[in-house]
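Understanding the architecture of this molecule
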Amino acid sequence: MLAGKHVLLIVSGGIAAFKALDLIRRLRERSVQVTPVLTRAAEEFVTPLSVSALAGTKVYRDLFDLTDEAEMGHIELSRAADLVVVAPATADLMAKMASGLANDLASTLLLATDKRVLIAPAMNVRMWEHPATQRNLTTLQGDGILTVGPNDGDMACGEFGPGRMSEPLEIVEAISAALGDGPLKGRRILVTSGPTHEPIDPVRYIANRSSGAQGTAIAEALVALGAEVQFITGPASAPMPRGAQIVKVNSAREMKDAVDAALPAEVAIFAAAVADWHVAGASDSKIKKDKDGLPTLQFAENPDILAGVSQMKKGRPKLVVGFAAETDDVIANATSKRQRKGCDWIVANDVSPETGIMGGAENDVTLIHGDGSEDWPRMSKTAVAQRLAARIAEALK
Ligand code: CTP
């Protein structure tokens, strides 16, 4: 699948740059054309000569190298490949990417490209965990940048923890997934995920125990099959899915607006645990305890986002999938929920506390559709997601 593909490989300046040499070798073994770009700092770790020898082609180094511009302009260079890979991606380059800087060849190519970008971060543990780097990572993932790693382990600087660049073969695998002509290639799929927060006043809210883990896993499984995923999430504790376009919301009403804005889509999956009610007339200022005794909350119904999309007269997604989180009579409740809301499939699960499903790593689901139901064995949320993504690909054939 990789043979004949073309990768623009940007090597930035960290000790992990030496692994980029092996990465080039592994890609060449698989008949991938590699066009290497070195940052100034990278040249302190690997020589242009060794990179060029392994890639079997010239190395691009300078934005103002006129020979390069005459042969191939930087805009063209950024678009000639099938995929742009940054390995290693230093904290500095990630910061440049997140803020859209273009002050050297690497950052200019990254800003100018119209291709997908995969980064393999590598840096000291503290640098990786620094809020600035994590903020940049969230920004980059929100921009649809794919990431692989970093791994945990001993680091060249003597510390231990996350920050080691993924191994070359792991990066090859991520490249292969990013380039994959998956069965959902080019399909636009919307996924809602996470809990919603319904404000009581500016500091308090009503929430639920959803972690968003199942939604993240579904989005990643769809991306892996080549889908273009719009991921609309409430304040989830699970990490954001890699490779999806991310829209963050708080309340159910914000989620509905974001879903409306993200449509049309071929498939819509509603994995979010949306609050059924919001506090009517939430206070604009903090409710004080000593004012008039105990406060009384009045509730008003939230829009049912799943039912609204399922019942769209025009532009309804071909396949609408809902979730049913139940604690009693799971199948009967979920079956009637499917009919009431008008969706095509319902993924039913038992969220009774003893199952450990809500907020846990595993799920035990039954897929209910027009032709009956399928009881899936208990498995990880990742496995449920992969199976669901495969079923969706089959249904769209
Ligand atoms: N859902 C939605 N908008 C809402 C409520 C729920 O889109 N306002 C979606 C959820 O994302 C899920 C499905 O509807 O896919 C079912 O959610 P669930 O909470 O199980 O059902 P409810 O409609 O809230 O019914 P009940 O609380 O009575 O079980």
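Preceding this paragraph is the structure being described.
Only a predicted model underlies this, so the values are computations on that prediction, with no experimental measurement involved. (Residues numbered from 1 in each chain as written. Predicted model: local features only at pLDDT ≥ 70, side-chain atom pairs only at ≥ 80, totals over all residues. Heavy atoms only, no water.)

1. As for the sheet that holds strand β5 (residues 146–147)
Spatial strand order, β2-β1-β3-β4-β5: five strands in an open sheet with parallel pairing. Two strands lie at the open edges of the sheet, namely β2 (33–38) and β5, each paired on one side alone. As paired strands, strand β4 (residues 116–121) and β5 are joined by two bridges and run parallel to one another. Within β5, the position partnered with Leu-118 by the bridge is Leu-146. Contacts from helix α9 (residues 168–179) reach β1 (6–11), β3 (83–89), β4 and β5, with the element oriented near 155° to β3. (Pairing = 2+ DSSP bridges. Helix = DSSP H or I, 4+ residues; strand = E, 2+ residues; numbered from the N terminus. Contact = heavy atoms within 4.5 Å. Axes fitted to C-alpha atoms, helices over the stretch in contact; angles between N-to-C directions.)

2. Quick look at the packing of aromatic side chains
This structure, assessed with the given rule, holds one aromatic pair. Over the ring of Tyr-60 we find Lys-58; its NZ or CZ atom is 5.3 Å from the centre of that ring. Directly above the aromatic system of Trp-345 lies the positively charged group of Arg-391, at a separation of 5.4 Å from the ring centroid. (Phe/Tyr/Trp six-rings, centres within 6.5 Å; stacked < 30°, edge-to-face > 60°. Lys NZ or Arg CZ within 6 Å of the ring centre and 35° of its normal.)

3. Things to note about the site of the ligand
Taken together, 15 residues form the shell around the ligand, and within it Phe-270, Ala-272, Asp-276, Lys-337 and Lys-341 come nearest. The separation between a nitrogen atom of the ligand and a polar main-chain atom of Pro-303 is 2.9 Å. One of the backbone N or O atoms of Ile-305 is found 3.0 Å from a nitrogen atom in the ligand. Isolated, the ligand exposes 570 Å² of accessible area, and the fraction of that covered by the protein chains is 79%. (Near = heavy atom within 4 Å. Polar contact = N/O pair within 3.5 Å; in protein donor to acceptor, adjacent residues only side chain to side chain. Areas by Shrake-Rupley, 256 points an atom, 1.4 Å probe, with all protein chains shown as cover.)

4. Side note on the pattern of salt bridges
Under the counting rule described, the total for this entry stands at 19 salt bridges. For Asp-22, the salt bridge identified is with Arg-26, shortest N-O distance 3.6 Å. One end of the pair is Asp-22 and the other is Arg-26, both in helix α1 (residues 17–29) and four residues apart, which spans about a single turn. The exposure class of Asp-22 is partly exposed, given its relative accessible area of 22%. (Salt bridge = Lys/Arg side-chain N within 4 Å of Asp/Glu carboxyl O. Buried < 20%, exposed > 50% of the residue type's maximum accessible area, 1.4 Å probe, protein only.)

5. Some thoughts on the nonpolar core
If you look at the biggest cluster of nonpolar residues, it comprises 67 residues, and the most contacted ones within it are Ile-175, Leu-222, Ile-269 and Ile-392. Sort the elements by how many residues they give to this core and helix α14 (residues 381–396) lands first, with seven residues. Residues lining this core come from more than one domain, with at least three contributed by each of domain 1 (6–178) and domain 2 (188–395). With near-sequence residues (within four places) excluded, Leu-222 lies in contact with Leu-184, Ile-189, Val-191, Ala-227, Val-229, Ile-269, Ala-389 and Ile-392. (Core = buried A, V, L, I, M, F, W, Y, C linked by side-chain atoms within 4.5 Å. Domains from an automatic or database assignment.)

6. A look at a nonpolar patch on the surface
On the surface, a nonpolar cluster with roughly 380 Å² of combined accessible area is contributed by Ile-206, Trp-277, Leu-297 and Phe-299. Its place among the elements puts Ile-206 in strand β10 (residues 205–206). (Patch = residues over 30% accessible without salt bridge, like charges linked within 9 Å, V, L, I, M, F, W, Y side chains within 5 Å.)

7. Here we look at the environment of Leu-105
Following the sequence through the fold, Leu-105 ends up in helix α6 (residues 105–112). When its relative accessible area of 5% is taken as the criterion, Leu-105 is described as buried. Considering only alpha carbons, one finds Leu-105 and Arg-164, 59 residues apart in sequence, at a separation of 25 Å. Sequence-distant contacts of Leu-105, that is, excluding residues within four places in its chain, are made with Val-37, Tyr-60, Arg-61, Asp-62, Leu-63 and His-74.

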